[in-house]
Amino acid sequence: VGGGGRGEGACLLLPPSPRKDEGTSVDREEEGVCSPCVAVAARIFCGGDQSFVTLVQSEQDAAHDSRRPHPSSLPLYLPSLQRAQELILASQSQEDICSLVQRFFSSKACLNGSFLAESHYGTGESTHSGVDLACASQVFFSIRLRLQQLQAPQLLTATLCTELFPSLLSGPLPSSPECLRLFHSLPALLLSPGDPALEEVVPFIKAFLGLPSKHKTSIGNWLFNGSREYLHFWIDKLKGIIVKLLPKMKRSIDENEKAANLIKSEASPSMTEMDKEAISTGLELLSYIHLWNTTHKDVLSHTEFHIPQVTDVMDLVYDYLCWLENRPGMVKFCSYPFVLDPCAKAELMTAESRVQMHIAVHTAHRRNVEALFSSQGGLLDLSPSFLELTVNRPSLIRDTLAGLASVSQQDLKKPLKINFVGEEGFDAGGVQKEFFMLLLSEILDPNFGMFRHYDESNLIWFSDQMILYESLDHFTLIGVLCGLVIYNQVIVDLPFPTALYKKLLNKSVDLSDLTELSPSLGKGLEAILSYEGEDFEEQFQLSFELTRSGLDGIESVDLVQGGSHKPVTKDNRKDYVYNYVQYVLTGSVSEPFQAFSKGFMKVCEGKVIHMFHPRELMALVVGNSVLDWSLMEEVCVTVCVCDCVCVT
């Protein structure tokens, strides 16, 4: 009964009936005891590490049972916080209210047994917590308000910090899902409106982080299977705590840097240990929520986790360097890339590119100096400081592929310089952009034979007709070109779907990616998944194969071994759709994609690239195609240049 008698959840496992003052009839024959007698549970007690029940022969005996628990024992049935609310609101004595707060808020069992919804008997690790969160929020709010009216708001904080949280941090671990309910409901109290008290929030988060992975996963399931409003509440409050502490964190870093350089700094509020723990534990809890979001197939957009104030307040380049050097004693936001918005990640990508360019140029200069001193009057083989490509417009593809074929990976990190034969001019960026646009528009043309164009979406994907490939090396060089686009911060229109960027970042692809590439095909597969009729097989008449246009006409491809002889049914249709998607986006184009990825990573391989969400990486290449017209209206100014003409 109730977590081994430890008092953390003992009141949770009472049956829904009878009431507290009634006995519970137990048919002993149903329990395997051969007796016509009926036993009645008169009282249930717990103490130490044991739980006890006293049985009597009949309902009448239950009322006259003279056995009583020892005065020091704890009754299994504990009042809930709803009852505490009634008593606290009704009492006029601050001493009584203090006693009530200490009694109720120091008990894990009381917190776990409060706010139970009607469906709480179905509590499970992957279903729900059985907690009525609206009731919890209302009760917590009214109790805090009452304490504020009595000018005793710290009473609750003191009880939590001196009694409840120490038991969470050092007490025995919860033994069942019911004993985790307080971790689901308590944030409604700790993260209540206003500025949360760090002395309350930090110990709670530390207790959560100390739970076994299985228990944390259960809480994550409850959070994502429950109210979206409550989920947003967790995220917004945690982000708010971090945002509030950012200026202090920035000042603290500046002070440390000045102290390291023996520069006297002006007095300013420095970070306390509590502040540091609030940021670090808050980011850790956000990282778990972000992980749960991925597990639950991105219920929330990745943008929900962004904290744009990090870019505004913090020196991200300094943070990046500290992260690379793994400097101890400070929080590095680069360790939590999900909170960084695209602007922050683009800044980091620029910083990483400049570092790599500097290293490449420095290496070239060092080689030149070594060559100068080691030469004995012969010709010097000097290494250029740029990745310089000289191309002719009529033979743009051939010249580019030939120029890149012999370039080392180290040279690819150098600043790019483009020269068109017979054209004078300085490449300040415009020539690069024209070069990439002309080159990629030709090489990605479906008529070139390496990519297939999808008319519905106006996107392209790797061709699955291997005989059309002149060489997989061409795909490697195309990957290099696409990498150079990002590395040199050039925005061009690459008509690839999100699936490409997912695969480059080692993320799995799914039906939504195929739907983006081919909407009609995706909708057809969605119709297979959503069909509820009993005549599924007669309606669709499918097997685990697909047909495609080959060089010799229409051909069939098995999606699994013996797929042509395996019918698609309602039971295995998910497997059919999964294998279909994987074949189109992965299996049929494995070799060309791997070659493309190899070339891309020759340029962009680094730590920052893996911080990006696939859609963020896509936006870095092609720009943002979604225009905010309301923002444009706000920033644009209409100017009258004459009586009849207005220019905006």
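No experiment lies behind these values; they were computed from the predicted model shown.

1. Looking at the environment of Asp455
- Its location among the elements puts Asp455 in the loop between strand E7 (451–454) and strand E8 (459–462).
- The sequence separation of Asp455 and Ser518 amounts to 63 residues, and the corresponding C-alpha distance is 8.4 Å.
- Here the side chain of Asp455 touches His453 through a polar contact of 3.0 Å, side chain to side chain.

2. Observations regarding the pattern of salt bridges
- All chains considered together, the criterion is met by 13 salt bridges.
- It is possible to trace a salt-bridge network through shared partners that takes in Arg393, Glu423 and Glu434.

3. As for helix H12 (residues 273–295)
- Helix length check: H12 (23 residues) gives 33 Å between terminal C-alpha atoms against 33 Å at 1.5 Å per residue, within 8%.
- Restricting attention to buried positions, one finds in H12 the residues Asp275, Ala278, Ile279, Thr281, Gly282, Leu283, Leu285, Leu286, Ser287, Ile289, Trp292 and Asn293.
- After H12 finishes, the residue Lys297 shows a positive phi value of roughly 60°.

4. Re a negative patch on the surface
- Taken together, the side chains of Glu532, Glu534, Asp535, Glu537, Glu538 and Asp571 make up a negatively charged region of the molecular surface.
- Within the secondary structure layout, Glu538 lies in helix H23 (residues 536–540).
- On the basis of relative accessible area, Glu538 is assigned to the exposed category, the value being 53%.

5. What to know about the packing of helix H10 (residues 213–225) against H12
- Where H10 meets H12, the closest approach of the two axes is 10 Å, and the angle between their N-to-C directions is 65°. Considered as vectors, H10 and H12 are oriented roughly perpendicular to each other. Every pair of crossing elements has a handedness; the one defined by H10 and H12 is right-handed. Only Tyr288, Ile289, Trp292 and Asn293 of H12 make contact with H10, whose side of the interface consists of Lys216, Thr217, Gly220, Leu223 and Phe224.

6. Quick notes on the confidence of the model for the protein
- With 77% of its residues at a pLDDT of 70 or more, the protein shows a mean pLDDT of 80.
- Note that residues 1–37 has pLDDT below 50 and, in this model, 73 contacts with residues that lie over four places away or in other chains.
- Low pLDDT, under 50, characterises residues 262–268; the predicted model gives this stretch five contacts beyond four residues in sequence or across chains.

7. Digging into empty space enclosed by the protein
- In total, this model carries four cavities of 30 Å³ or more according to the counting rule given.
- In this structure, the largest cavity spans a volume of roughly 90 Å³.
- Lining of the largest cavity is provided by 13 residues; of these, Lys108, Leu168, Pro172, Pro174 and Phe183 occupy positions nearest its centre.
- When contributions to the lining of the largest cavity are tallied by element, the ones reaching two or more residues are helix H6 (154–170) and helix H7 (181–185).
- Here the residues of the lining of the largest cavity are counted per class, giving nine nonpolar, two polar and two charged.
- The calculated volume of the second largest cavity comes to roughly 50 Å³.
- Along its surface, the second largest cavity is lined by Pro187, Leu190, Leu191, Val201, Phe204, Ile205, Trp234, Leu238 and Leu285.
- Sorting the residues of the lining of the second largest cavity by element identifies helix H8 (187–190), helix H9 (198–209) and helix H11 (228–260) as the ones contributing at least two each.
- Tallying contributions element by element places H9 first for the lining of the second largest cavity, with three residues.
- Taken together, the residues of the lining of the second largest cavity break down into nine nonpolar, no polar and no charged.

Cut-offs used in this document
Residues numbered from 1 in each chain as written. Predicted model: local features only at pLDDT ≥ 70, side-chain atom pairs only at ≥ 80, totals over all residues. Heavy atoms only, no water. Helix = DSSP H or I, 4+ residues; strand = E, 2+ residues; numbered from the N terminus. Polar contact = N/O pair within 3.5 Å; in protein donor to acceptor, adjacent residues only side chain to side chain. Salt bridge = Lys/Arg side-chain N within 4 Å of Asp/Glu carboxyl O. Expected span 1.5 Å × (residues − 1). Buried < 20%, exposed > 50% of the residue type's maximum accessible area, 1.4 Å probe, protein only. Patch = residues over 30% accessible without salt bridge, like charges linked within 9 Å, V, L, I, M, F, W, Y side chains within 5 Å. Areas by Shrake-Rupley, 256 points an atom, 1.4 Å probe, with all protein chains shown as cover. Lys, Arg positive; Asp, Glu negative; His and termini not counted. Charge placed at Lys NZ, Arg CZ, Asp CG, Glu CD. Axes fitted to C-alpha atoms, helices over the stretch in contact; angles between N-to-C directions. Parallel < 35°, antiparallel > 145°, perpendicular 65-115°, else oblique. Left-handed = near helix turned anticlockwise from the far one by under 90°. Contact = heavy atoms within 4.5 Å. pLDDT = per-residue confidence, 0-100. 1 Å grid on protein atoms, 1.4 Å probe; cavity = no way out; pocket = protein on both sides within 12 Å on 5 of 7 lines; lining within 4 Å. Points joined across faces, edges and corners; volume = space filled by probe spheres on them. Nonpolar A, V, L, I, M, F, W, Y, C, P; charged D, E, K, R; others polar.

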